[in-house]
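The residues making up each chain are set out below.
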Amino acid sequence: GFHSDILCAVGPRLERMDPFPTVFIGHGPGPAFLLDENDVSFKPGGVFGPKQAQSTSNTTSPAVQYMRKFAELLPRRPKATIIVSAHWVEDVVKVNVSPRPPMLFDYYNFPAHTYKYNYPAPGDPMLAQRVIASLRDAGFQVEEERRRGFDHGVFVPMSIMFPKAEVPIVEMAQT
């Protein structure tokens, strides 16, 4: 599959960076984990009603607790992160090379204020170029992306794990 191919292709070239292990972190429905437990103001006709929203957006949920502790469990703060988003699918691999990606609110029927979140983590154009070079060396077709913003698969877990937005992010599309 794509993910294992990418890890094999990118891994050897990036080993010099002293990488952290690869992890999967789920983020719940849309921005639900960013909502206060009492904020269940989903629009009528939305995917989630108050009962479901309350159970998934509860900030005391095990998933949110784990994400909040995640940074503390690491041996040190990462220099950067590479995130392959489940919410960005393209015909070819794309890598975001922007130094300051905007936000992309790729969900619907959530409260109006959830479309105003800001997670100002920087991109890392130099790391993005290294990822692109590694993938091309391994035979992948790769394109640079300069305008796409961080989708909720990026900003929801990262804002919980690293709320100061100090860790640069390189987001990648899957194929």
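Basis of the calculations
Residues numbered from 1 in each chain as written. Predicted model: local features only at pLDDT ≥ 70, side-chain atom pairs only at ≥ 80, totals over all residues. Heavy atoms only, no water. Core = buried A, V, L, I, M, F, W, Y, C linked by side-chain atoms within 4.5 Å. Buried < 20%, exposed > 50% of the residue type's maximum accessible area, 1.4 Å probe, protein only. Helix = DSSP H or I, 4+ residues; strand = E, 2+ residues; numbered from the N terminus. Contact = heavy atoms within 4.5 Å. Phe/Tyr/Trp six-rings, centres within 6.5 Å; stacked < 30°, edge-to-face > 60°. Arc of directions from axis to C-beta. Expected span 1.5 Å × (residues − 1). pLDDT = per-residue confidence, 0-100. Polar contact = N/O pair within 3.5 Å; in protein donor to acceptor, adjacent residues only side chain to side chain.

Outline the nonpolar core, supporting the account with residue identities and numerical values.
Here is a general trend for soluble globular proteins: nonpolar side chains tend to be buried in one another's company. Counting residues in each nonpolar core, the largest one holds 26 residues, and the members touching the most others are Y119, F155, M158, M161, F162 and I169. Listed by contribution, the elements that provide at least two residues to this core are helix 3 (62-73) and helix 5 (152-161). Formed by eleven residues, the second largest nonpolar core is a distinct cluster that contains V97, V131, L135 and M172.

Could you give an account of the environment of R77, with specific residues and numbers?
Within the secondary structure, R77 sits in the loop between helix 3 and strand 1 (81-89). Beyond its immediate stretch of four places on either side in the chain, R77 contacts F20, F162, E166 and V167.

Describe the packing of aromatic side chains, listing the residues and the values that go with them.
This model, assessed by the stated rule, comprises eight aromatic pairs. The interplanar angle of 45 degrees and the centroid separation of 5.1 Å between the aromatic rings of Y107 and Y115 together place this pair among those described as tilted. Take Y107: its relative accessible area is 8%, and that puts it in the buried class.

Go over helix 3 with me, naming the residues and quoting the values.
Looking only at helix 3, the buried set comprises V64, M67 and F70. Taken around the axis of helix 3, the buried residues stretch over an arc of 100 degrees, which confines them to a single face. Along helix 3, exposed side chains directed more than 90 degrees from the buried face belong to P62, E72 and L73.

Describe helix 4 (residues 125-137), and please don't skip the residues or the numbers.
Taking 1.5 Å of rise per residue, the 13 residues of helix 4 would be expected to cover 18 Å, and the 18 Å separating its terminal C-alpha atoms lies within 8% of that figure. For helix 4, the complete set of buried residues consists of L127, A128, V131, I132, S134 and L135. The arc enclosing the buried residues of helix 4, seen along the axis, measures out at 165 degrees, which places them on a common side. Away from its buried face, by an angle of more than 90 degrees, helix 4 presents the exposed residues M126 and D137. Where helix 4 terminates, the next one or two residues include G139, which has phi positive at roughly 95 degrees.

Now, about the confidence of the model for the protein: what can you tell me, with residues and values included?
Reading predicted coordinates in detail is not appropriate for stretches of low pLDDT. Confidence in the prediction of the protein, expressed as mean pLDDT, is 78, and 75% of residues score 70 or more. With pLDDT under 50 throughout, residues 41-58 is counted as low confidence; its partners more than four residues away or in other chains account for 31 contacts.

Before we move on, could you go through the side chain of S85 and cite the residues and values that matter?
With respect to the helices and strands, S85 occurs in strand 1. Within polar-contact distance, the side chain of S85 engages the backbone nitrogen of H87 at 2.9 Å. Discounting chain neighbours no more than four positions away, the residues touching S85 are D151, E171, M172 and Q174.

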